[in-house]
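The primary structure of each chain is shown beneath.
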Amino acid sequence: MLKLAVVGKDVSKSDSAKMHTFDLKKMGVDCEYSLISLTKEEFDARVESLLNELDALNVTIPYKLDVIPHLKKLEGDAKTFGAVNVVKDRIGYNTDGVGFLLMLQNNEIDVKGKDVLVLGAGGAGRSVVKKLLDEGAKVTVFDVRKESALELNKEFGGITVADEVKPQPRFMIVNVTGVGMHKTEGISPVGADVLSQCEIACDLIYYPRKSEFLRIAESLGKRIVNGEGMLFYQAYYGDCIVLNRKPSAEEAKRFFEEYLLEYPD
């Protein structure tokens, strides 16, 4: 039986255990999956033992960069994004980008040539921005720490860095800040004035399934997408890495549809 876990600042409401257990069972593997919430001090003290004890480790907010010094090397998107969400044998991977891209594809969202505003330039924001650029979107990034957005532009290029978020016509707004969950539940990073001028509001938050950001957008008649699909797809791709199994977008979509039937709420 595989011993797996997700580590983050607060993963008490995370669906990672359900999703990974579901995926792995579909792939014919049993696992014991733990949710581990740690402060920065606790993370620094325990990360080495976790890497030694577990078959693989999933990493979420805010430790996707902090785990890197403890690893032997980075592969693929982890190297590109400079952020890690899957660790196996002390090698860091990142499946956030492919998970986000598959979520867009399965919601029939084509961003090529479209104006997209990304709120947040942290670990997940890096993945989202790079995939949007790769797909030909015109990307604007806003982060309360402007330096983070400027750093992204320095690395990837082609990004417009916003000093503030003003109401203006946009194809899609993506919330990658985490504002709207845990202690900020019921708060939206932007108001109705901004959301009224977009076509699609996409929130990487999946708990609650309808964040305040999405609730406002929906009340304005906008199309909304929450982050549950991205979370599931990045989990699926991560499990394929753990099992050295070739991933399939079609299989991932089928698994997600079956998962939603099993866990409708």
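Residues numbered from 1 in each chain as written. Predicted model: local features only at pLDDT ≥ 70, side-chain atom pairs only at ≥ 80, totals over all residues. Heavy atoms only, no water.

Bringing the pattern of salt bridges into the picture now. Inspection of the entire model under this criterion finds 18 salt bridges. A salt bridge links R145 to E147, with the shortest nitrogen-to-oxygen separation between them at 3.6 Å. Looking at E147, the relative accessible area reads 49%, which means it is partly exposed. One salt bridge connects E164 with K166, and the closest N-O pair in it is separated by 3.8 Å. Bridged by salt links that share partners, the residues K26, R254 and E258 form one connected network. (Salt bridge = Lys/Arg side-chain N within 4 Å of Asp/Glu carboxyl O. Buried < 20%, exposed > 50% of the residue type's maximum accessible area, 1.4 Å probe, protein only.)

The next point concerns unusual backbone geometry. The step from I61 to P62 runs through a cis peptide bond, and the omega angle for that step is 5°. With respect to the helices, strands and loops of the structure, P62 is situated in the loop between β3 (56–59) and β4 (73–74). Y207 connects to P208 through a cis peptide bond whose omega is 0°. As for its position among the elements, P208 is in the loop between β11 (198–203) and α8 (212–219). Its identity is not glycine, yet D89 carries a phi of approximately 55°, on the positive side. If you trace the backbone, D89 turns up in the loop between β5 (86–88) and β6 (91–93). (Helix = DSSP H or I, 4+ residues; strand = E, 2+ residues; numbered from the N terminus.)

Before going further, it helps to spend a moment on the sheet that holds strand β10 (residues 170–175). Strand pairs in the sheet, formed through backbone hydrogen bonds, run parallel or antiparallel to each other. Here we have six strands laid out as an open sheet, ordered β9-β8-β7-β10-β11-β12, and parallel in their pairing. Two strands lie at the open edges of the sheet, namely β9 (159–161) and β12 (223–225), each paired on one side alone. Averaged over all adjacent pairs, the angle separating strand axes in this sheet is 20°, with direction ignored. Note: β11 against β12, three bridges, orientation parallel. Bridge pairing in β12 places C202 opposite V225. Helix α6 (residues 146–156) contacts β8 (138–142) and β9 of the sheet and is inclined by roughly 160° relative to β9. Packing of α8 onto the sheet brings it into contact with β7 (115–119), β10, β11 and β12, and relative to β11 it is tilted by some 155°. (Pairing = 2+ DSSP bridges. Axes fitted to C-alpha atoms, helices over the stretch in contact; angles between N-to-C directions. Contact = heavy atoms within 4.5 Å.)

Turning our eyes to something else, we now look at the packing of helix α1 (residues 16–26) against helix α9 (residues 228–242). Relative to each other, α1 and α9 sit at 50°, their axes nearing to 9 Å. Comparing their axes, α9 and α1 come out oblique. The handedness of the crossing between α1 and α9 is right-handed. In contact with S16, M19, H20, F22, D23 and L24 of α1, α9 contributes E228, L231, F232, A235, Y236 and D239. Grouping the amino acids of the contact of α1 with α9 by side-chain chemistry returns seven nonpolar, two polar and three charged. (Parallel < 35°, antiparallel > 145°, perpendicular 65-115°, else oblique. Left-handed = near helix turned anticlockwise from the far one by under 90°. Nonpolar A, V, L, I, M, F, W, Y, C, P; charged D, E, K, R; others polar.)

Moving on: the UniProt feature "domain: Shikimate dehydrogenase substrate binding N-terminal" (unreviewed entry) in the protein. Taking the UniProt record as the reference, the feature "domain: Shikimate dehydrogenase substrate binding N-terminal" (unreviewed entry) is found at residues 6–87. Secondary structure content for residues 6–87 is 37% helix and 22% strand, and the end C-alpha separation is 10 Å. (UniProt positions renumbered as here; feature names shortened; annotations may be inferred.)

Packing of helix α4 (residues 96–106) against helix α5 (residues 123–134) brings their axes to within 8 Å, and their N-to-C directions diverge by 55°. Between α4 and α5, the angle falls in the class oblique. Between α4 and α5 lies a crossing whose hand is right-handed. Each of D96, G97, V98, F100, L101 and L104 in α4 lies in contact with α5, whose residues at this interface are A124, S127, V128, K131 and L132.

Here the focus is α9. Between the first and last C-alpha of α9 there are 21 Å, a value that for 15 residues agrees with the 21 Å anticipated at 1.5 Å per step. Burial runs high along α9: 14 of the 15 residues are buried. N244, located one to two residues past α9, shows a positive phi value of around 55°. (Expected span 1.5 Å × (residues − 1).)

Counting 58 residues, the largest nonpolar core has F100, L132, M172 and L204 as its most contacted members. For this core, the element with the most residues is α9, which contributes nine residues. Dropping the residues within four chain positions of it, F100 is found in contact with V128, K131, L132, V174, C202, L204 and M230. Counting 18 residues, the second largest nonpolar core, distinct from the first, contains V47, V67, L74 and V84. (Core = buried A, V, L, I, M, F, W, Y, C linked by side-chain atoms within 4.5 Å.)

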